[in-house]
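What the coordinates show
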Amino acid sequence: LIAISSSIILWLIMDEKPLPFEAARVSSAEKRRLVRLVRSKSPRYLQEGQTQTLHLTGHDINVLLSWGLSLGSQNRKAKVSLERDMVLLSVSIGVAPGVGKTRYLNLEMAGRSEIEGEILNLEVNRCRLGSLEIPQWLLNLISPAITSQLRHDRLLKPFLDAAEDVTIEPDSIAVTYGPLHLQRHRFREELFGPAGSGEELLASTRAQAEHLLAVISQSPDKQPAFNECVENVFALARIRSIDGRDPVIENRAAIFAMGMLMGHRRVKEFLGPVNISHSNHAARRILSRVVIRGRSDWTKHFCLAAAIALLSDEIVSDAASLLKEQLDSDIGGSGFSFSDLLASRAGTTFAVWATRNEDAARAIQN
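Residues numbered from 1 in each chain as written. Predicted model: local features only at pLDDT ≥ 70, side-chain atom pairs only at ≥ 80, totals over all residues. Heavy atoms only, no water.

What follows concerns the overall build of the protein chain. On a plain count of helices and strands, the protein chain comes out with 15 helices and 9 strands. For the protein chain, the proportion of its 366 residues judged to be buried stands at 37%. Here the analysis covers contacts within the protein chain between residues at least 6 apart in sequence; of these, 65% occur between residues at least 24 apart. For the protein chain, the computed accessible surface area is about 20,300 Å², with 56% contributed by carbon and sulfur atoms. (Helix = DSSP H or I, 4+ residues; strand = E, 2+ residues; numbered from the N terminus. Buried < 20%, exposed > 50% of the residue type's maximum accessible area, 1.4 Å probe, protein only. Contact = heavy atoms within 4.5 Å. Areas by Shrake-Rupley, 256 points an atom, 1.4 Å probe, with all protein chains shown as cover.)

A few words on unusual backbone geometry. Backbone geometry places D85, a non-glycine residue, at a positive phi of 60°. Its location among the elements puts D85 in the loop between strand 3 (76–83) and strand 4 (86–95). The phi dihedral of R293 is positive, around 50°, even though this residue is not glycine.

Another point: the side chain of T299. With respect to the element layout, T299 can be found in helix 12 (residues 296–311). Separated by 2.8 Å, the side chain of T299 and the backbone oxygen of V290 make a polar contact. With residues up to four places along the chain from it excluded, the contact list for T299 reads F226, M262, V290, V291 and I292. (Polar contact = N/O pair within 3.5 Å; in protein donor to acceptor, adjacent residues only side chain to side chain.)

A word on the sheet that holds strand 2 (residues 52–57). With respect to topology, 3 strands assemble into an open sheet ordered 2-9-8, the strand pairing being antiparallel. Single-partner strands in this sheet number two, and they are strand 2 and strand 8 (163–169). On average, each strand axis in the sheet is inclined to that of its neighbour by 15°, with strand direction left out of account. One ladder, built from 6 bridges, connects strand 2 with strand 9 (residues 172–177); its direction is antiparallel. (Pairing = 2+ DSSP bridges. Axes fitted to C-alpha atoms, helices over the stretch in contact; angles between N-to-C directions.)

According to the stated counting rule, one finds 12 salt bridges in the structure shown. The salt bridge partner of R84 is E169, with a shortest N-O separation of 2.7 Å. One end of the pair, R84, is in the loop between strand 3 and strand 4; the other, E169, is in strand 8, with 85 residues separating them in the sequence. The class for R84 is exposed, based on a relative accessible area of 53%. A salt bridge links E250 to R240; its shortest N-O distance comes to 2.7 Å. Taken together, the residues span a long stretch of sequence, with E250 in helix 9 (residues 247–263) and R240 in helix 8 (residues 226–242) at a distance of 10 residues. A relative accessible area of 0% means that E250 is categorised as buried. It is possible to trace a salt-bridge network through shared partners that takes in E30, R33 and D60. (Salt bridge = Lys/Arg side-chain N within 4 Å of Asp/Glu carboxyl O.)

On to the pairing of strand 8. By the bridge criterion, 6 bridges tie strand 8 to strand 9 in an arrangement that is antiparallel. Paired with I168 across the strands is I173, a residue of strand 9. Hairpin remark: strand 8 followed by strand 9, antiparallel, with 2 residues in the connecting loop; positive phi at D171, about 70°.

What follows is about the packing of helix 8 against helix 9. Contact pair helix 8 / helix 9: the axes reach a minimum separation of 9 Å and the direction vectors enclose 150°. With respect to each other, helix 8 and helix 9 are oriented roughly antiparallel. Pair helix 8 / helix 9 crosses with right-handed handedness. In contact with F226, C229, V230, V233, F234, A237, R240 and S241 of helix 8, helix 9 contributes P247, E250, N251, A254, I255, M258 and M262. Among the residues forming the contact of helix 8 with helix 9, the class breakdown is 11 nonpolar, 2 polar and 2 charged. (Parallel < 35°, antiparallel > 145°, perpendicular 65-115°, else oblique. Left-handed = near helix turned anticlockwise from the far one by under 90°. Nonpolar A, V, L, I, M, F, W, Y, C, P; charged D, E, K, R; others polar.)

Put into structure tokens, the structure is as follows:
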């Protein structure tokens, strides 16, 4: 009975066609505009007692939805319509059942939300999944449960704690918020899952970073080649793997060490307390200037993209690299560079293959 009932429900909520609406178009100009808008209202530098208000139009929200849903799939779309104190949401997600034609999970929902005394309240007034209309009595029962789930979600909690007011007007939303208290490495773990094996990964990353700094310190007058740095960290990864450690974790640590020392120092903010004891600033400066074919920026693109791929996944790393070039193409930027993008994609691909499984990890080490 459960199997039959589930099959009937699935059949009712899956449609042959997506909902008939046009998703917002995402252009490079739109991405740059939204990044500037969000950066100008960043809560990062707010002090206790200070607030900031971010105004987003319905178009802004729809571009953000299209941008986010396009990562990894072009078979998803969403649209928001705003009325006074009311949000109307339409979503279509393509689902491949394995064999046969793609079907669509279509959702139409209307509701309202408010923040009273820093407490989120959510009310769902209408919800339709495919041809299945959820009765109002059931929505009245599940709305408090959804609200409670959102309030206690560890990923959303820092943002909800910072939010002080949400105002929904026709075609615009205004969100007022205070300082955002966010522990970056914990937030990354909640968002993407743990980057490896906790303390074991941090210890291996620390060993790799200290090893690379020590090697560079032995020849302070020599500028190392990129391949020498790669060979050094993966030689150590191979030795540590022979000693019984997980080769995948050792390769991740090697890539994270390169990301921190040759990509961008803020990589360690997402990793956690690596706590490198080696304080040779000259060696750090040398590593920050390592070049690929005469270009130190290509080294940074490669190493940073590789680290991002392991902190999140291949799709996010590629999207971040593309966004960086789109921002560079703005007025005052260095211009869109296909070679920069290629260096980033190479780093992403390298990281994926070096950590795919134990056999691949050992092959890369060798």
